[in-house]
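Summary of structural features
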Amino acid sequence: MDIDRILAGDRRALARWLTALEAERPEAQAVLSALYARTGNAHLVGVTGAPGSGKSTLVAALARAWRARGQTVAVLAVDPSSPFSGGAILGDRVRMQSLAGDPGVFIRSMASRGTLGGLAATTADLARALDAAGFALVVIETVGAGQSEIDVARAAQTTIVIEAPGLGDDVQAIKAGILEIADLLVVNKADQPGADATARALKAALELEQAARVNTSQGSHWSVPVLSTVATNGRGVEEVLAAVAAHRSFLKETPHGSDRERQRIRRELESRLRQRVWQHFTVDFEMSVLEELAAKVCAREIDLESAVKSALSSRRTNESESSPP
Ligand SMILES: Nc1nc2c(ncn2[C@@H]2O[C@H](COP(=O)(O)OP(=O)(O)OP(=O)(O)O)[C@@H](O)[C@H]2O)c(=O)[nH]1
Ligand SMILES: [Mg+2]
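It should be emphasised that the depicted structure is a prediction, and the values quoted were computed from it without experimental measurement.

With that settled, the discussion passes to the environment of Asn41. Relative to the assigned elements, Asn41 resides in the loop between helix H3 (26-35) and strand E1 (43-49). Residue classification places Asn41 among the exposed positions, given a relative accessible area of 58%. Note: C-alpha distance between Asn41 and Arg128 (87 residues apart in sequence) is 9.8 Å. Looking at Asn41, its side chain comes within polar contact range of the main-chain oxygen of Arg38, at 3.2 Å.

Here it is as structure tokens:
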């Protein structure tokens, strides 16, 4: 792990570091710790939405527009669960081909981690690494479907949720959870029939959701814009760029923004801690104990709470055996 080469912009050194971070190698974490003070300069932008809504195409268009302004861009494409991820990544490569060869752009696909809580943590680490490596914008693309994608999106500072007309029932596709994390809503494929109806449905859903948001947060609040784009020809891309910049200023300049940043870090801290405590717990804990306890609970021999106590006490016995008094 060569810190100097990473900081000098050596792409292979950076790629090696990211690979080692994905594999959770301690030396890669050590580099991240050493470089942590250099993070915090990038703007982390999440892009999430249904499969095929045009995320990659829009990300490529955004990246080109940022590059035209002289800003460097890194893209993390996260696709952990899809059995087609190999193909999707190939497709992404094609769609992002116009960016290939530009030293100011770095594209990385992640498809490896499927463990609970682990993917969001790994994504956040990779985003931080790209931040430390000096990229001005770090875009995290995820297929928005379940909770784990929402967790991944939460690693971003500005989250763009993409919808497209004709992807089944439009309003149904917008789950409450996904509206909640949206800082910008984009109706892509505005050249397709039904785009206006999709935008209207989104605005209506958003009004309900925002009413709830204002009640829970005091003072300044961000009003989520609904924008339309045609990612394939760049229509509306400038407006998205402007809205991302406005949201960034909002985060920097309002108390709500700094609160949110602290909450984001706190959430990450908590989930890492939870994972670490679990890891610690499961070291020399017999997982088969869980199977036995589950069978007993199932057979109504014991209740869940007693099973938890029993698991904890069996762990404690192990602990006192393995550590001298
Ligand atoms: N007509 C039209 N087609 C678009 C637009 N944006 C993207 N597409 C097409 O929609 C298809 C899917 O685009 P992608 O960018 O791969 O979508 P994605 O959301 O990244 O897809 P996954 O990563 O597989 O979830 C491609 O064939 C694109 O060319 C648009 O604005 N209008
Ligand atoms: Mg994609």
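Each pair of aromatic rings is reported with the distance of its centres and the angle of its planes. Taken as a whole and assessed by the stated rule, the structure comprises four aromatic pairs. Relative to Phe281, the ring of Trp278 has its centre 5.8 Å away and its plane inclined at 25 degrees; by these criteria the two rings are stacked. Highlighted residues: Trp278 and Phe281, both in helix H12 (residues 255-282), separated by three residues, approximately one helical turn. For the ring pair Phe281 and Phe285, a centre distance of 4.7 Å and an interplane angle of 40 degrees mean the geometry is tilted. Residue Phe281 shares its accessibility class with Phe285, and that shared class is buried. Ring pairs connect the aromatic residues Trp278, Phe281 and Phe285, which therefore count as one cluster.

Glancing now at the side chain of Gln157. Mapping Gln157 onto the fold places it in the loop between helix H7 (147-153) and strand E5 (158-163). In this structure the side chain of Gln157 is engaged in a polar contact, spanning 3.4 Å, whose partner is the side chain of His43. Filtering out sequence-adjacent residues up to four positions away, Gln157 remains in contact with Ala42, His43, Leu44, Asp183, His247, Leu251, Arg260, Glu261 and Arg264.

Despite not being glycine, Glu24 has its phi angle at roughly 55 degrees, a positive value. By the secondary structure assignment, Glu24 is in the loop between helix H2 (11-22) and H3. Unusually for a residue other than glycine, Arg300 sits at a positive phi of about 60 degrees. When you line up the elements, Arg300 lands in the loop between helix H13 (287-298) and helix H14 (304-322). By relative accessible area, Arg300 is classed as exposed at 70%.

The next point concerns the coordination of the magnesium ion (ligand 2). A metal bound by six donors in octahedral fashion has ideal angles of 90 or 180 degrees, whereas one bound by four tetrahedral donors has an ideal angle of 109.5 degrees. Here the magnesium ion (ligand 2) is held by the protein donor atoms Ser56 (OG) and Glu141 (OE), which lie 2.1 to 2.3 Å from it. With Ser56 in helix H4 (residues 55-68) and Glu141 in strand E4 (residues 137-143), this pair connects stretches of sequence that are 85 residues apart. By relative accessible area, Ser56 is classed as buried at 6%.

Burial runs high along E1: seven of the seven residues are buried. Side chains His43, Val45, Val47 and Gly49 project from E1 onto one buried face, and the interleaved Leu44, Gly46 and Thr48 project onto a second face that is buried too. Inspection of the sheet shows E1 paired to E5 by five bridges, in the parallel sense. Residue pairing in the sheet places Thr48 in a bridge with Val161 of E5.

The rules we used
- Residues numbered from 1 in each chain as written.
- Chains lettered and ligands numbered in written order.
- Predicted model: local features only at pLDDT ≥ 70, side-chain atom pairs only at ≥ 80, totals over all residues.
- Heavy atoms only, no water.
- Helix = DSSP H or I, 4+ residues; strand = E, 2+ residues; numbered from the N terminus.
- Buried < 20%, exposed > 50% of the residue type's maximum accessible area, 1.4 Å probe, protein only.
- Polar contact = N/O pair within 3.5 Å; in protein donor to acceptor, adjacent residues only side chain to side chain.
- Phe/Tyr/Trp six-rings, centres within 6.5 Å; stacked < 30°, edge-to-face > 60°.
- Contact = heavy atoms within 4.5 Å.
- Donors = N, O, S within 2.8 Å, 3.2 Å for Na, K, Ca; no water.
- Pairing = 2+ DSSP bridges.

Scope: geometric values only; no functional claims are made or implied.
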